[in-house]
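Structural characterization, general
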Amino acid sequence: MSAFVKSKLKLAKDAIAKRDYEKARESALGVLEYEPENYHAHVFLGVAYMKLDDLGKSEQAYHTAIELNSVQVLAWQGISQVYEAARKWTQYAQTLEKLAYLHASANDATKCAEALQKLLELRHDDTRSSRMQLAETLSLLLPESPLYTVLATLPAPDPTNPASTIIGDVQAAIHNSLPVLEELVLIYEQEENNIAQNEIAKRRTRLGAPPLEQIQRDVTLEVLSSSQLPRLYEEVLNHPNTPDELRRSTEAKLLRAKQRHLYALPTSAKDGSPKDQVAAEVERLINGMVLLKIPDELAWSLFIEGKDAAKIEDYDLAILRQYLELFQTSSLSKLLGAYFAYVGISSEDDDEDEGKTPREPDPEVEYAEIMIEAFNDLSDSLLAHRIIAEIYEQDADYENAIKVCESGLELVRRSEQNWGRPMNHVKKAFNVALATSLVHLFPPKNHIRALRILDQVLSEDPDDTAALMGRGFILQYAKRWDEAADLFSKVVQLDPEDLDQGGRAKEERAWSIAMCGKQQEAADELRAVIGTLEELEGHDDEKARCYWKLGRCYWEMGDEHREEAYKHFVTSLKRSPTFAPAFTSLGIYYLEFLSPPDPNRASKCFQKAFELDPREADAARRLAEGFAEEGEWDLVEVVARRTIVGEGGLEEGPEARASRRYLPINAWAWKAVGAVELTRRNYVAAIEALQIALRTDVDDHMSWIRLGEAYSKAGRFAAAFKALEHARELDHEDWISSYFIGEVQRQMGQYEEAIVAFQSILSGRPQEIGVLHSLGQSFLDLGQYELATGFLARAEVSFLSAVRVSLDLLEASSGFRRVAWKTIADALFHLSAFANIDDDDLAQELLARVIPLVTDHPGNGLVDIVSHPLSVDSSENLPLLALEAALVAYDYRIALGAIDDAAKASAYHDLGSALSEFARRATHDEKRERALQHAISQFKEALRLDPSNDAFWVALGNATFLSQPGVCQHSYVRALEIDSKNAATWTNLGLFYLHHEDAELANEAFYKAQTLDPDYALAWVGQGLVATVNGHEREARALFEHATTLTAAVPEADLEYATRLFTKINKSTTSRAASKDAFLPAFFVLDRFCKQRPQDASALHLFGLVCERVGHLSVGVDLISRAISVLEAAYEESEDPAIERQFTMAHTSVARLRLSTADYAGALESYQVATGLLPDQPNESEAEADAESRVLLAQCQFGAGLAHFKLGELPEALALFEAAMATAVDHPVIRGHIVVLLAQTLWAIGTDEAKESAKTQLLQSIEHDPENLMAINTLAGMGILTDDDGLIDAALTEVLSLPLDQRHERDPERDVTYLLMQHHLGQGDTCQALSVAQKAVFAEPACTDMRCSLAALTLRTGESSAALATLESGSHVHGDLAELRAALALHAVALCVDSVQEAPAALLLAQKAVLLSPWDRHAWEAVAYINCRAAQ
């Protein structure tokens, strides 16, 4: 080092000492300029910068110094001060730790301790460090730390002068590391617990996460695999300064940590696996604690529970007593203490000496209750489960024993998984107890499951006596007596001295031998067993059982031994008065052997046996049969249900339900329950009971019938049908199943099949009352269905058949009069809705049979309503007579009385409905009012009897719709309160609101009805009416159209829709002759309406007009003629001027149609009738009537003139034409039509004078009305026919000069274009005609008719490809259907004109055209042409 550097360094050092940091900085920089890698210069520069508050440059200077020499402490000390000043705590902590290591390498313990002291102070500050960083720092003070060797040289702290040093904490930790270990334990416990909880919470939220238990295992294994706690626990335990209390708590913590680790480790089949190692460590800890009697309950519990003991007696009694002494308040101690007292074992060590008798349990203490109460808190204790299972088994509480054993087996599985070792003896003990309980719980219900368990146990230990006994009992219940006897013999050989298993085995072996027919041998063995039992105190149940079995042996020996058997039965009851089988046997003795029989004593014996044990099925069946003979069905049900409970037929739960996989032993009990539930209308319970009964007896015909009946009444018709079909297969001769099948078919809506079924029964049993009633009801239901679907003729036949069958029922029996008259009245009521009855003879015959039966009992309210006596001969209106007969029948039904209020209310409602219909049809106001008021009173009476029937409220509302609005609204609202989902009621309410001009409320009601039932047509009609009120004609028409498409037709909707459609087409069409297809919907709905309402003149007239438009002229003539007849009859009765005007219009329409059919004489006659009804000079004061009369008169005059012309009466024709023109002088449109038709008529005369007169008439009309395009076109046509170009130009010039839109408006049919094309073609100028057609297509590309005309002209020129292009370019356009059909034929022709190869495709198109329009001659010609081309 040069002198210059030294001098500069000295100057820098002196400047720092004098706090002249600027000078120090300059000096240090000077040194670095000369010697850049001078360590001390960088250190001095760092000090200067730090003092000048330039911490960044200071840190940089120190870093450079450290890079130059990392083992010198000066730079590290300096940079630590910079980090502390800059509050960079992470770098500060790292620097302090580095300093500690540097000082330790220099063996400077004090400096090392000072660095650690500062580091500890930093780490203890939670705001600057984490808990794990504190743990890492504390670890530097432990013996395994690399700093510990140097720090160990520090002197011990002076407790008398703690302020004498700044490293007192480090000194204390070095000389006593126990507090450090305790702090480390606390930190790691908290951290590991937080890590585990957070990780578990995070993993639970993942998709497809495993069960919580598995997540806890995985997380615990991950945490404990790297845990520091076991090592720290060991160090605390091994520390010499650890107090006993801390040692015990730490040892407990270590045990629990090891236990958690052990339980989390996966099981491995390899020896020496990690799980085995940890298990050995846990066992070492447990054994040490138990050996030292350390009061750690977990250690003792693990020690006790981990013992694989075959029996409870194999547990170490001394250990159990020590447990009781150490943990007197624990639940297990309470259970063990009670168990010891229960079995007579002392809980004190001094009573353990041999030779001492067991302690007797205190009879006043309920040890079982104590054990069960303690067991509730021991859900994880294997020993507790074994003890409680044994207690339940001894008390014959097999159901709870099974639950405890199943829970115990689950604990065994978990214990084996946790410890990684098998517990075969404990598992076997639980399996044996479980199987034994299953054997005796509701045998043989659980025997299959028990047998699987017993076979597994016996495969491992063939000499297990308990398992052998259980298997023997199963064989007994299976009637395999020889095999059972062999098993019980084996038990006797294995354990002959055991009074429990051995003695019971001897008894059961004897019983098995007896069942094999060896009664005497069995009796001898039973006497030996009884002799042994009689020497013992107690065992009363066993003695009674043996005496009863001995008595049964004598009973089976024959009549001569029955008295001996009787004595043994009595002895059995003396030994145990609660032994039920002995009572059953005594009852059989009194009933079957005693002479004379004593049924009373027998019944008492059976009752006593059944009270004691519901499993006594023989006694129960005999009791039930006795009660059934006495008619005590409630007692039969009680006995049957208790028998079901006794055989285990019900599952556990809050509501006892029948077992799903249960094969009943006593099927008769389930049959009895099913029959009772069926009678009570509890159909679900009846179905369940009958299904279970049929599991045992699948061929029981009557049970299948009852099951089918229950299914049908529960609404499950498909299942009912299958059950009844099966019943019929079992007994083809039984008509009951066929009857129920018919009933099911009727309820399913298969009325025709039901009728066939009932008729087949009646063919063999013609007087069967119930079948007759069902047949009549089926006919009635079928008629209602046919009426709703529009099959009126079929419905009439069905209703008449219903009346006929019901009359046969009345003749067969008078006991069914109410239901028969109900059917008759309903059928007659529906018949009365027909306009005409086709089968008059049958209807009159049936009415003649009905009327005498009911007219003798007229109701008081019908005297002034229905004329008496009713007579078929004097009535001209059969439907009205049917209605009157229905009224009288309903009234007679009321007079017959009713079984209950519901039936009586229904009768009043039916009469009220018929009266309402009668009031609607009545022509006399007084009779109408009386009928309506009487109907209202009937509805009110029905509501008084049954106010909860919404149909009655609706009927009352309908009856008071016009007369009492308040009552009507209240009735509808009450009906909706009862049934708010009835679409018909909502519709009625909507019509009520609409009638009272509240369209908003009406719309809401109709919308609600549509929501509830979208297929209810009347709701859509109501919506259409609301739309009409609101002026939405388009929406209204769409709603009416939708209503007509629904299944249940509403005639009013049909008429309204047809009227609106007809009006719309007439007003909106731009064509004089709209397409026939547009009128087809109106045609079909009017056809349906007129069949239902054949006397509606307006509908008939409208239907005739529609037929005129679709081309059915003769049908139209017939329909309007019928309308004329109806109007004539109505006018004769009322002489209403409105009817007269309708009559006149009908004659005008029918005359026009007759004119079209060439019936000129008929047309002239009708025109004359109409003209005669019209005034010659209409009243000018009545403008509207005058206008209508003038129009009608003009039409009649012109039509009559045309008829005269066709008849060759020209003068009369011309006179009428002139009169028509004079009448229509104020109606330009009508006059224009008349002029054109007059001109055409004159032209048809054929003379030059007539033709000139025709031209003159047209010219005058055009002059008077320049926009009369019809006249213009007619005049142009005349010019074309006469080749008069001047006339053509004069006629068409004005039209052709108009703009295109105005021209199309005046000429909607494009007649001008057609005439021009025909004119040019007539002159032979095809090119000019083609030009006209091209211009027309260019002006209207979407016009199919123009395209066809252009294509036809193009074909004439031989350009078939151009014609095809013209047709194909318009194929996407949706034009008129008729035009599209015509285009098909033209397309087919164009396709094969030039190419014969296209003939097949062309033929398909032509055939399609024929299929669509078979009446079109052009389509047939196209087919013929293509066939000719194909043949060439």
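Values in this document were obtained by computation on a predicted structure and should not be read as measured data.

Cut-offs and rules
- Numbers given for residues are sequential positions, taken from 1 along each chain in its written order.
- Reporting of local features is limited, given that this is a predicted model, to residues whose pLDDT is at least 70; pairs of side-chain atoms are given and counted only at 80 or more, and all residues count toward the totals for whole chains, interfaces and linings.
- Side-chain numbers here rest on the full set of heavy atoms in the structure, without hydrogens or water.
- Secondary structure elements follow DSSP: runs of H or I of four or more residues count as helices, runs of E of two or more count as strands, with numbering from the N terminus.
- Only C-alpha atoms enter the radius of gyration, while the globule expectation follows 2.2 Å times N to the 0.38, with N the number of residues.
- Relative accessibility thresholds used throughout: buried, under 20% of the residue-type maximum; exposed, over 50%; partly exposed, between the two (1.4 Å probe, protein chains only).
- Residue contacts are defined here by distance: any two heavy atoms, one from each residue, within 4.5 Å place the two residues in contact.
- Computed with a 1.4 Å probe, the accessible areas rest on the Shrake-Rupley method; for each residue, only the protein chains presented here act as cover.
- Counted charges follow a simple rule, with Lys and Arg positive, Asp and Glu negative, and His plus the chain ends left uncounted.
- Where a charge sits is defined by one atom per residue type, namely NZ (Lys), CZ (Arg), CG (Asp) or CD (Glu).
- Nonpolar cores were defined as sets of buried Ala, Val, Leu, Ile, Met, Phe, Trp, Tyr and Cys residues, with membership established by side-chain atoms within 4.5 Å.
- In protein, a polar contact means a hydrogen-donor-capable atom and an acceptor-capable atom, both N or O and within 3.5 Å, with residues adjacent in sequence counting only if both atoms are side-chain atoms; elsewhere, any N or O pair within 3.5 Å suffices.
- Between 30 and 60 degrees the pair is tilted, below 30 it is stacked and above 60 it is edge-to-face, where a pair is any two Phe, Tyr or Trp rings, Trp via its six-membered ring, whose centres lie within 6.5 Å.
- A ring is scored as having a charge over it whenever the NZ atom of a lysine or the CZ atom of an arginine sits within 6 Å of its centre and within 35 degrees of its normal.
- Lines fitted to C-alpha atoms define the axes, with helix axes restricted to the stretch in contact, and inter-axis angles between N-to-C directions lie between 0 and 180 degrees.
- Here the word oblique covers every angle except those under 35 degrees (roughly parallel), over 145 (roughly antiparallel) and from 65 to 115 (roughly perpendicular).
- Should the near helix be turned anticlockwise from the far one by less than a right angle, the crossing is termed left-handed; should it be turned clockwise, right-handed.
- How far a helix is expected to stretch is found by multiplying one less than its residue total by 1.5 Å.
- The term salt bridge refers to a side-chain nitrogen of Lys or Arg lying within 4 Å of a carboxyl oxygen of Asp or Glu.
- Only residues whose relative accessible area exceeds 30% and that take part in no salt bridge are eligible for patches, with like-charged residues grouped when within 9 Å of each other and nonpolar side chains (Val, Leu, Ile, Met, Phe, Trp, Tyr) grouped when within 5 Å.
- Summary of the metric used: pLDDT quantifies the predictor's per-residue confidence within the range 0 to 100.
- Disulfides are defined as pairs of cysteine sulfur atoms found within 2.5 Å of each other.

Tallying secondary structure elements over the chain gives 72 helices and two strands in all. Its C-alpha atoms give the chain a radius of gyration of 57 Å, clearly above 35 Å, the size a compact globule of 1432 residues would have. Projected onto its principal axes, the C-alpha coordinates of the chain cover approximately 155 × 140 × 80 Å. A buried classification covers 47% of the 1432 residues belonging to the chain. Partitioning the contacts of the chain with sequence separation of at least 6, the portion at a separation of at least 24 is 55%. About 71,400 Å² of surface is accessible on the chain, with carbon and sulfur atoms providing 51% of the total. Across the chain, the centroid of the 137 positively charged side chains sits 6 Å from that of the 221 negatively charged ones.

Tracing the backbone through its elements, the reader meets Tyr683 in helix α35 (residues 683–696). A relative accessible area of 17% places Tyr683 in the buried class. Sequence separation of Tyr683 and Ala1342 is 659 residues, and the distance between their C-alpha atoms is 67 Å.

Among the nonpolar cores identified, the biggest contains 154 residues, and Leu116, Leu141, Leu151, Val170, Leu335, Met371 and Ile387 are the most heavily contacted of them. Among residues more than four places away in sequence, those in contact with Met371 are Leu335, Ala338, Tyr339, Tyr342, Ile387, Ile388 and Ile391. In this structure, Phe779, Ile894, Ile936 and Tyr972 belong to the second largest nonpolar core, which totals 114 residues.

If you trace the backbone, Thr137 turns up in helix α8 (residues 131–139). Reaching out from Thr137, the side chain makes a polar contact with the side chain of Arg123 at a distance of 3.4 Å. Aside from chain neighbours lying at most four places away, what touches Thr137 is Leu119, Leu120 and Arg123.

Following the criterion strictly, the structure yields 27 aromatic pairs and no others. Measuring from ring centre to ring centre gives 6.2 Å for Tyr566 and Tyr590, while their planes differ by 70°; the resulting arrangement is edge-to-face. Of this pair, Tyr566 sits in helix α29 (residues 562–575) while Tyr590 is found in helix α30 (residues 580–593), placing the two residues 24 residues apart along the sequence. On the basis of relative accessibility, which here comes to 22%, the residue Tyr566 falls in the partly exposed class. Aromatic rings pair up to connect Trp555, Tyr566, Phe569, Tyr589, Tyr590 and Phe593 into one cluster. Sitting over the face of the ring of Trp555, Arg562 holds its NZ or CZ atom 4.1 Å from the ring centroid. A cation over a ring is seen here: Arg642 above Phe610, with NZ or CZ 5.2 Å from the ring centre.

This part takes up the packing of helix α36 (residues 701–713) against helix α37 (residues 717–730). α37 packs onto α36 with a crossing angle of 160° between their chain directions and a minimal axis gap of 8 Å. Classified by the interaxial angle, the pair formed by α36 and α37 is roughly antiparallel. Crossing of α36 over α37 shows left-handed handedness. On α37, the residues that touch His701, Trp704, Ile705, Leu707, Gly708, Glu709, Tyr711 and Ser712 of α36 are Phe717, Ala719, Ala720, Ala723, Leu724, His726, Ala727 and Leu730.

To continue, consider helix α3 (residues 39–51). When the terminal C-alpha atoms of α3 are compared, their 19 Å separation across 13 residues agrees well with the 18 Å that a helix rising 1.5 Å per residue should span. Counting buried positions along α3 yields eleven of 13 residues, so the element is predominantly enclosed. Burial in α3 covers these residues: Tyr39, Ala41, His42, Val43, Phe44, Leu45, Gly46, Val47, Ala48, Tyr49 and Met50. Looking at the packing, one finds that the buried side of α3 touches α1 (3–17), α2 (21–34), α4 (55–68) and α5 (73–86). A distance of 3.1 Å separates the backbone nitrogen of His40 from a side-chain oxygen at the start of α3, and that oxygen is part of Asn38. Count one or two residues on from α3 and you reach Asp53, which has phi positive near 65°.

For the coordinates displayed, the defined rule picks out 67 salt bridges. As a salt-bridge pair, Lys490 and Asp463 come within 3.8 Å of each other at their nearest N and O atoms. One end of the pair, Lys490, is in helix α25 (residues 481–494); the other, Asp463, is in the loop between α23 (447–460) and α24 (465–477), and 27 residues separate them in sequence. Judged by relative accessible area, Asp463 falls into the partly exposed class, the value being 42%. The shortest N-O distance in the salt bridge between Arg893 and Asp910 comes to 2.8 Å. Here Arg893 is found in helix α44 (residues 878–896), whereas its partner Asp910 is found in helix α45 (residues 901–921), with 17 residues between them in sequence. Judged by relative accessible area, which is 9%, Asp910 ranks as buried. In this structure, a network of salt bridges that share partners links the residues Arg504, Glu507, Glu508, Arg545 and Lys549.

On the surface, Asp838, Asp839, Asp840, Asp841 and Glu845 cluster together to form a negatively charged patch. Mapped onto the elements of the fold, Glu845 is located in helix α43 (residues 840–854).

Overall, the prediction assigns the chain a mean pLDDT of 83, with 91% of residues at 70 or greater. Confidence drops under pLDDT 50 across residues 1070–1074; counting only partners more than four residues distant or on other chains, this segment forms eleven contacts.

Attention shifts here to unusual backbone geometry. Look at the link from Pro443 to Pro444: it is a cis peptide, with omega at 0°. Note on placement: Pro444 falls in the loop between α22 (424–440) and α23. Even without glycine at this site, Arg19 takes up a positive phi of about 65°. Mapped onto the fold, Arg19 is located in the loop between α1 and α2. Look at Arg19 and you get exposed, because its relative accessible area is 66%. In the Ramachandran plot, Ala1158 falls in the positive-phi region, its phi being about 70° despite a non-glycine side chain.

The N-to-C vectors of helix α46 (residues 925–945) and helix α47 (residues 950–959) enclose an angle of 160°; their axes lie 9 Å apart at closest approach. It follows from the interaxial angle that α46 and α47 lie roughly antiparallel. Crossing angle aside, the handedness with which α46 passes α47 is left-handed. Contacts between α46 and α47 involve Leu932, Ile936, Phe939, Lys940, Ala942 and Leu943 on the former and, on the latter, Phe952, Trp953, Ala955, Leu956 and Ala959.

The next subject is the state of the cysteines. Within this structure, the stated rule accounts for zero disulfides. Unpaired in terms of disulfides, Cys546 finds its nearest cysteine sulfur in Cys553, a separation of 10 Å.

Okay, the environment of Tyr477 next. By the element assignment, Tyr477 lies in helix α24. Residue classification places Tyr477 among the partly exposed residues on the basis of a relative accessible area of 43%. On a C-alpha basis, the gap between Tyr477 and His447 in space is 9.0 Å, while along the polypeptide they are 30 residues apart. Every residue in contact with Tyr477, bar those within four places of it in the chain, is listed here: Pro443, Pro444 and His447.

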